[in-house]
Amino acid sequence: MKCGWLAVVVVAALTGQVQATGSTAAANVTVLEQRFEMPGLERSRTVRLYLPADYQASNEHYPVLYMHDAQNLFDARTSYAGEWQVDEQLNLLAQQGLKLIVVGIDNGGEFRNQELLPFSGPPIGEAQGDQYLQFIVTVVKPYIDQHYRTKADAAHTGIMGSSMGGLISHYALLKYPDVFGLYGLFSPAYWTVGPQIQRFSSQLPAPGQRLYFYMGLQEGGSMVPDIEQVVRQLARKGMTAQQAQYRLVEGADHNEAAWAAEFSRAVLWLYQGKVLP
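The rules behind each value
- Residues numbered from 1 in each chain as written.
- Predicted model: local features only at pLDDT ≥ 70, side-chain atom pairs only at ≥ 80, totals over all residues.
- Heavy atoms only, no water.
- pLDDT = per-residue confidence, 0-100.
- Contact = heavy atoms within 4.5 Å.
- Buried < 20%, exposed > 50% of the residue type's maximum accessible area, 1.4 Å probe, protein only.
- Helix = DSSP H or I, 4+ residues; strand = E, 2+ residues; numbered from the N terminus.
- Arc of directions from axis to C-beta.
- Phe/Tyr/Trp six-rings, centres within 6.5 Å; stacked < 30°, edge-to-face > 60°.
- Lys NZ or Arg CZ within 6 Å of the ring centre and 35° of its normal.
- Axes fitted to C-alpha atoms, helices over the stretch in contact; angles between N-to-C directions.
- Parallel < 35°, antiparallel > 145°, perpendicular 65-115°, else oblique.
- Left-handed = near helix turned anticlockwise from the far one by under 90°.
- Nonpolar A, V, L, I, M, F, W, Y, C, P; charged D, E, K, R; others polar.
- Pairing = 2+ DSSP bridges.

Brief notes about the confidence of the model for the protein
Averaged over the protein, the pLDDT score is 92; the fraction of residues at 70 or greater is 92%. The model gives residues 1-5 a pLDDT under 50, and that stretch makes 16 contacts with residues more than four places away or in other chains.

Okay, structure coming up:
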């Protein structure tokens, strides 16, 4: 697909991820002791935190990335489908000058799809996406900004997820563009919202905001046509290469191995503007 300035790069995906029996989380990943209450949902949630390896030895303030499905981000032992290796990748990227705090929010198990759904309707039913994003914005983010040295402004605050997590991350642009300025949209499940998909192409990113769209070519159903519809319509409305990147990856399916293979490329572009060959 070509869409004005927007040419899709098709590359080979990395595959094959080893599932470890013990913890694979790096030493600079912790599980916060406090469980965070979710207003309006009558449940609480675990938060996992990655700090740059030099955090304790510095006085630096760091950009922050909020991510969903935290069980799958850092530790193969807690994942249910392999891990993204976020900690190992960021520890390596720190050598290139990219240092982030990552706040991983555990998914809600049986409530996951509802919490990550923006609009009620078939096939999932009741949407709890508004309450979930409000939880991040009014409970988790203030706690993180108060207790850790963050760059708390929108220009240094990102949100990223895959599948339903990619969908709710795009919805955050519609709901909280003054809170988040950087959006990692991995395999967003636009098919779950039916005709409401049009709302995702209704709002262009503001100057300085960045959107990273990713899709695997082997993802089933309407996944590829849906993301191309959204990207095409946004490009027609004036979205530029400085505001968005779209990658369609050959051989990649809908899984953690594919998303892990794309993570470093995505955060380098979102936080530093680096486009890798």
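Still more to cover.
Things to note about helix 1 (residues 86-93)
At 3.6 residues per turn, the α-helix brings residues three or four places apart onto the same side. For helix 1, the complete set of buried residues consists of V86, D87, Q89, L90 and L93. Along the long axis of helix 1, the arc covered by the buried residues comes to 165°, so they all point the same way.

With respect to the packing of aromatic side chains
Summed over all chains, the structure comprises 13 aromatic pairs. Here the aromatic residues W84, F186, Y212, Y214, W259, F263 and W269 are joined through ring pairs into a cluster of three or more. Over the aromatic face of Y55 sits the side chain of R149, whose NZ or CZ is 4.1 Å from the ring centroid. Positioned over the ring face of W269 is R210, at 5.5 Å from the centre of the ring.

A few points about the environment of R48
Along the chain, R48 falls in strand 6 (residues 47-50). Each C-alpha atom, one on R48 and one on G181, is 22 Å from the other, the two residues being 133 residues apart in sequence. Contacts of R48, omitting those with residues within four sequence positions, involve T30, V31, A70, Q71, F74, T78, V102, V103, G104 and D106.

Focus: unusual backbone geometry
Following P122, the chain continues into P123 via a peptide bond in cis, with omega recorded as 10°. By secondary structure assignment, the location of P123 is in the loop between helix 2 (112-115) and helix 3 (129-147). Within the chain, D69 stands out as a residue other than glycine whose phi angle is a positive 50°. Mapped onto the fold, D69 is located in the loop between strand 7 (64-67) and helix 1.

Digging into the packing of helix 1 against helix 6 (residues 256-272)
Orientation of helix 1 relative to helix 6, taken along the N-to-C sense of each, is 40°, at an axis distance of 10 Å. Taken together, the axis directions place helix 1 and helix 6 in an arrangement best described as oblique. Classified by chirality, the crossing of helix 6 by helix 1 is right-handed. Taking contact as the criterion, the partners of V86, Q89, L90 and L93 in helix 1 are, on helix 6, A260, F263, S264, V267 and L268. Taken together, the residues of the contact of helix 1 with helix 6 break down into 7 nonpolar, 2 polar and no charged.

Description of the sheet that holds strand 11 (residues 210-216)
The 8 strands are arranged 3-6-8-7-9-10-11-12 in an open sheet whose pairing can be described as mixed. Both outer strands of the open sheet, strand 3 (29-31) and strand 12 (244-249), are each paired with one neighbouring strand and no more. The mean angle between the axes of side-by-side strands here comes to 15°, regardless of whether they run parallel or antiparallel. Judged from the 4 bridges that link them, strand 6 and strand 8 (residues 101-105) form a sheet pairing that is antiparallel. The partner of V47 across the bridge, within strand 8, is I105.

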